[in-house]
Amino acid sequence: MPHSQTFDILLVEDDPGDAGLTKAALAQARILCKLHHVSDGVEAMAFLRRQGIHADAPTPHLVLLDLNMPRMSGREVLAAMRGDEALHKIPVVVLTTSDVEADIETSYELGANSFITKPVDIDQFIDSIKAVGDYWFSIVRLPQ
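These numbers come from a predicted model, not from an experiment. (Residues numbered from 1 in each chain as written. Predicted model: local features only at pLDDT ≥ 70, side-chain atom pairs only at ≥ 80, totals over all residues. Heavy atoms only, no water.)

Draft legend 1. Fine view of the UniProt feature "modified residue: 4-aspartylphosphate" (unreviewed entry) in the protein chain. Following the UniProt record, the feature "modified residue: 4-aspartylphosphate" (unreviewed entry) maps to Asp66 here. One can find Asp66 in the loop between β3 (62–65) and α3 (74–82). Given the relative accessible area of 5%, Asp66 is considered buried. Contact partners of Asp66, with chain neighbours within four places excluded, come to Val12, Glu13, Asp14, Gly74, Leu95, Thr96 and Lys118. (UniProt positions renumbered as here; feature names shortened; annotations may be inferred. Helix = DSSP H or I, 4+ residues; strand = E, 2+ residues; numbered from the N terminus. Buried < 20%, exposed > 50% of the residue type's maximum accessible area, 1.4 Å probe, protein only. Contact = heavy atoms within 4.5 Å.)

Draft legend 2. Summary view of the pairing of strand β2 (residues 33–38). Examined bridge by bridge, strand β1 (residues 7–12) and β2 share 6 bridges and lie parallel to one another. Residue Asp8 lies in a different strand from β2, and its bridge partner there is Lys34. A crossover links β1 with its parallel partner β2, the connecting element being helix α1 (residues 16–28), and its sense is right-handed. (Pairing = 2+ DSSP bridges. Right-handed = clockwise from strand over helix to strand, strands pointing away.)

Draft legend 3. Expanded view of the pattern of salt bridges. Here the structure, examined in full by the defined rule, presents 6 salt bridges. Ionic contacts of the salt-bridge type, sharing partners, join the residues Glu13, Asp18 and Lys118 into one network. (Salt bridge = Lys/Arg side-chain N within 4 Å of Asp/Glu carboxyl O.)

Draft legend 4. Spatial organisation of the sheet that holds β1. Taken together, the 5 strands give an open sheet; going across it, the order is β2-β1-β3-β4-β5, and neighbouring strands pair in parallel fashion. Among the strands making up the open sheet, the edge pair consists of β2 and β5 (114–117). Ignoring which end each strand starts from, the neighbouring axes of this sheet average 20° apart. Strands β1, β2, β3 and β4 (92–96) of the sheet are contacted by α1, whose axis makes an angle of about 175° with β2. In the packing of α3 onto the sheet, contacts are made with β3 and β4, and the angle to β3 comes to roughly 155°. (Axes fitted to C-alpha atoms, helices over the stretch in contact; angles between N-to-C directions.)

Draft legend 5. Focus on the packing of helix α2 (residues 41–48) against α3. Viewed as axis vectors pointing N to C, α2 and α3 meet at an angle of 25°, and their least axial separation amounts to 9 Å. In terms of orientation, α2 lies roughly parallel with respect to α3. Regarding α2 and α3, the two cross each other, and that crossing is right-handed. In this structure, α2 uses Gly41, Met45 and Leu48 to contact α3, whose residues at the interface are Val77, Ala80 and Met81. The residue makeup of the contact of α2 with α3, split by class, is 5 nonpolar, 1 polar and no charged. (Parallel < 35°, antiparallel > 145°, perpendicular 65-115°, else oblique. Left-handed = near helix turned anticlockwise from the far one by under 90°. Nonpolar A, V, L, I, M, F, W, Y, C, P; charged D, E, K, R; others polar.)

Following this line, the structure appears as structure tokens:
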């Protein structure tokens, strides 16, 4: 995909502070994207399936997925996406505070493309988000 293209990223994050930090990190990293934010897994699936208020939602080029959320966890979202023919090819990066080995293993078993533990340091967090953007939107070729 060309560098001049604007990418759609779906951020599934229940913590407003972490969502704001991710948005700021994407801007600082100068990743050309439109960030769509939903606060739980139920809303994420509605967005991905274009249901209700999300009827006009784009198919995201990448999903940044928190694991621990109310109503429907990130694990459940990942399992639902991988079991849905229309959604199973969308890359998913688990972006979470967890560094528990069981969470890492489960995420990959459910089909996560990457697992990133959110750094506590703001500069490291920005560097991590920039690396995610560089990798997924400059190096990797995504399906159209």
